[in-house]
Amino acid sequence: MSLPDVAAAHRLELQNFERAILAKQTQIESWFRTQWRHHHAPFYGSVDIRNSGYKLASIDMNLFPGGFNNLNPVFLPLASVAAQDAVERACAEAQSVLMIPENHTRNTFYLQNVYALYSILRHVGLNVRIGTINPEITQITTLETALGDHITLEPVLRQGNRLQLADGFTPCMILLNNDLSGGVPDILQGLEQKLLPPLKAGWTTRRKSTHFHAYNQVAAEFAKLAGIDEWTINPYYEVCSGLDFASHEGENRLADTVERLLQRIQNKYDELGIQDKPFVIVKADAGTYGMGVMSVHSADEVRGLNRKKRNKMAKIKEGLEVSEVIVQEGIYTYETLHGATAEPVVYMMDRFVIGGFYRVHEGRGPDENLNAMGMHFVPLHCNIVSPETEITEEDAASKREFQPWEQLGIVQTENVSQASDCESVRLYVYGVLARLSLLAAAIELENMPEIAV
């Protein structure tokens, strides 16, 4: 796969940004190593990125990522190396892992994600079983995935403060691929086994605004290191609470927030001579799956919302009502793949980038949410090996301490101007942005209190 096209009007701005990052690559990697000595990276995560050429920024950080099935399968061994590091740091003597996925078993593409994640962990040499806390599944159940693979779900039992399966399987570590949108079930509370991500990372307690508060700190420090304007990697945002979309409660307060943020963006555009029209994204402060999201270009658009839009914003996954939103600076995505709007999504395990894909939507524009019905995914192509070469287990083992730029195909060079405007540079920059969000997530979790049990 070749990289998506970037709008000609903004190509030079993107190249200049890439050159600025690449010129500081040595300092950036040293900085990241220092940061990871002080902060413990989440077990895994995925980051949505928007690229307008003049601004590249992470707009969302998911700590319970689905979509592992959309990654380039040739890099499974490298993903397993990162997974091994993550497991060892969590539970040094771990030999077995119990995965607990989401309860929605009818989504065969999600099941394919579970199968892919299962495969990554199996490559580490772990004994991996897939448990379920779905009350509707009371016996061992085998399900078929979207691509015809099969996974076996086994009802999870609790014995004291440990989880186990019916045959006595009692793992060292529990890996959640369930974002707890519907709350923390009693069976997961107060466990003595290592539970990752921790319960507080779920949407029961986590808020996007809390993440971006931590990201402000990370972005400011990084921008100073890289010698760039912090705004180019950090979207403005505000929080608006006390809303009831069904009854129009808080509508004027939301409109005021939108108007204030639009003016702030316009001021920055005027300063930099940017001709685009500012817009914001209004989205639920807790939640995922692209639910409870709308693009807004003026305050009037959130006054007197019609029934369809109010219903769309009022509830998210698990039927939870939305009373608090984050109003985030909208970033145009000026990347297109075969004429369709595209945005990169980067996946990480522990502190390593393991791949990603482009989310592509033929029916959405550069100022719209692409995480919507009709999207499709194109795996990121990495140049660590030639396209026709498979990565063997031995290759992966030899890269036990692989660096993120090696994994993404970057070759360090003294000639920055020659190295820019190529696939490996773009992917490296995306990897940097994703790791900034990962670092912010680490700080975010450190500052969050544990869930009382």
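Now for a description of the structure that goes with this document. Just so it is clear, the structure is predicted and the values come from calculations on it, not from any experiment.

1. Section: the overall build of the protein chain
- When its secondary structure is counted, the protein chain shows 11 helices and 19 strands.
- Across the 453 residues of the protein chain, 58% fall into the buried class.
- Taking the contacts inside the protein chain whose residues are at least 6 apart along the sequence as the reference set, 71% of them involve residues at least 24 apart.

2. Side note on the layout of surface pockets
- By volume, the second largest pocket is sized at about 530 Å³.
- Lining the second largest pocket are 25 residues, and of these K194, L195, L196, P197 and P198 sit closest to its centre.
- Elements with a contribution of two residues or more to the lining of the second largest pocket: helix 3 (76–90), strand 11 (194–196) and helix 11 (423–447).
- Within the lining of the second largest pocket, the residues separate by chemical class into 16 nonpolar, 3 polar and 6 charged.

3. Considerations on helix 11
- Here helix 11 contains 25 residues, and its C-alpha end-to-end distance of 37 Å stays within 8% of the 36 Å for a straight helix at 1.5 Å per residue.
- The buried fraction of helix 11 amounts to 23 of the 25 residues, a majority that puts the element mostly inside the structure.

4. Notes on the packing of aromatic side chains
- Per the counting criterion, the structure on display carries 14 aromatic pairs.
- Pairing W231 with Y269 gives two aromatic rings, centres 6.3 Å apart and planes at 80°, and the pair type is edge-to-face. Placement of the pair is W231 in the loop between helix 5 (208–226) and strand 12 (237–240) and Y269 in helix 6 (residues 251–272), with a sequence separation of 38 residues.
- Considering the side-chain rings of Y332 and Y334, the 5.6 Å spacing of their centres and the 10° angle between planes classify their relative orientation as stacked.
- Since its relative accessible area comes to 8%, Y332 is described here as buried.
- Ring-pair connections join several aromatic residues into one group, and the members of that group are F43, Y44, F68, Y347, F357 and F377.
- For the cation-ring pair, R264 lies above Y236, with the distance from its terminal atom to the ring centre recorded as 3.8 Å.

5. Side note on the environment of P235
- When you line up the elements, P235 lands in the loop between helix 5 and strand 12.
- On the basis of relative accessibility, which here comes to 2%, the residue P235 falls in the buried class.
- Along the primary structure P235 and Y215 are separated by 20 residues, whereas in three dimensions their C-alpha atoms are 9.9 Å apart.
- Discounting residues that sit within four places of it in the chain, P235 has contacts with K55, A57, S58, F212, Q328, E329 and I331.

6. Considering empty space enclosed by the protein
- Tallied over the full model, the rule gives 2 cavities of 30 Å³ or more.
- Quantified by volume, the largest cavity comes out at close to 50 Å³.
- If you go around the largest cavity, the residues you meet are L243, D244, F245, H248, E249, E251, L254, V302, L305 and R310.
- For the lining of the largest cavity, a count of residues per class yields 5 nonpolar, 1 polar and 4 charged.

7. A closer look at the sheet that holds strand 10 (residues 173–177)
- Read from one edge of the open sheet, 6 strands run 6-7-5-4-10-11, paired in mixed fashion. Every interior strand has two partners, whereas the edge strands, strand 6 (141–144) and strand 11, have only one. Averaged over neighbouring strand pairs, the angle between their axes works out to 35° when direction is ignored.
- By the bridge criterion, 4 bridges tie strand 6 to strand 7 (residues 150–155) in an arrangement that is antiparallel. Among the inter-strand pairings, T142 is bridged to a residue of strand 7, identified as T152.
- In the packing of helix 4 (residues 108–123) onto the sheet, contacts are made with strand 4 (96–101), strand 5 (127–132), strand 6, strand 7 and strand 10, and the angle to strand 4 comes to roughly 170°.

8. Quick look at helix 6
- Between its terminal C-alpha atoms helix 6 stretches 32 Å, which fits the 32 Å expected from 22 residues at 1.5 Å a residue.
- Where helix 6 is buried, its residues touch strand 12, strand 13 (280–284), strand 14 (293–296) and strand 15 (325–329).
- Of the residues trailing helix 6, G273 is marked for its positive phi of about 75°.

9. Details of the packing of helix 5 against helix 11
- In the contact formed by helix 5 and helix 11, the axes pass within 8 Å of each other and the chain directions differ by 125°. The orientation of helix 5 relative to helix 11 falls into the category oblique. For helix 5 against helix 11, the interelement crossing comes out right-handed. Where helix 5 approaches helix 11, its residues T210, H211, A214, Y215, Q217, V218 and F222 are matched on the opposing element by V432, L436, S437, L439, A440, A441, I443 and E444.

10. A closer look at the state of the cysteines
- Overall, the coordinates contain 1 disulfide when judged by the stated rule.
- Disulfide pairing is shown between C91 and C172; the S-S distance is 1.7 Å. Across the S-S bond of C91 and C172 the torsion is about 75°, and the bridge reads as right-handed. Of the two residues, C91 sits in the loop between helix 3 and strand 4 while C172 sits in the loop between strand 9 (162–164) and strand 10, which places them 81 residues apart along the sequence.

11. Considering the pattern of salt bridges
- Taken as a whole and judged by the stated rule, the model has 23 salt bridges.
- Where E238 meets R260, a salt bridge forms, and the shortest distance between an N and an O atom there is 2.8 Å. Taken together, the residues E238 in strand 12 and R260 in helix 6 connect sequence positions 22 residues apart.
- The exposure class assigned to R260 is partly exposed, which follows from its relative accessible area of 45%.
- Look at the salt bridges and you will find they share partners, linking D48, R50, E343 and R359 into a network.

12. Remarks on the nonpolar core
- Membership of the largest hydrophobic core comes to 72 residues, with the highest contact counts inside it found for I21, I100, F222, I233 and L436.
- Considering every element that reaches this core, the biggest residue donor is helix 11, with 16 residues.
- Ignoring sequence-local partners within four residues, the contact set of I233 consists of F17, L56, A57, Y215, A219, F222, I228, L433 and L436.

Cut-offs applied
Residues numbered from 1 in each chain as written. Predicted model: local features only at pLDDT ≥ 70, side-chain atom pairs only at ≥ 80, totals over all residues. Heavy atoms only, no water. Helix = DSSP H or I, 4+ residues; strand = E, 2+ residues; numbered from the N terminus. Buried < 20%, exposed > 50% of the residue type's maximum accessible area, 1.4 Å probe, protein only. Contact = heavy atoms within 4.5 Å. 1 Å grid on protein atoms, 1.4 Å probe; cavity = no way out; pocket = protein on both sides within 12 Å on 5 of 7 lines; lining within 4 Å. Points joined across faces, edges and corners; volume = space filled by probe spheres on them. Nonpolar A, V, L, I, M, F, W, Y, C, P; charged D, E, K, R; others polar. Expected span 1.5 Å × (residues − 1). Phe/Tyr/Trp six-rings, centres within 6.5 Å; stacked < 30°, edge-to-face > 60°. Lys NZ or Arg CZ within 6 Å of the ring centre and 35° of its normal. Pairing = 2+ DSSP bridges. Axes fitted to C-alpha atoms, helices over the stretch in contact; angles between N-to-C directions. Parallel < 35°, antiparallel > 145°, perpendicular 65-115°, else oblique. Left-handed = near helix turned anticlockwise from the far one by under 90°. Disulfide = S-S within 2.5 Å. Salt bridge = Lys/Arg side-chain N within 4 Å of Asp/Glu carboxyl O. Core = buried A, V, L, I, M, F, W, Y, C linked by side-chain atoms within 4.5 Å.

As far as function goes, none of this settles anything; it's purely spatial.
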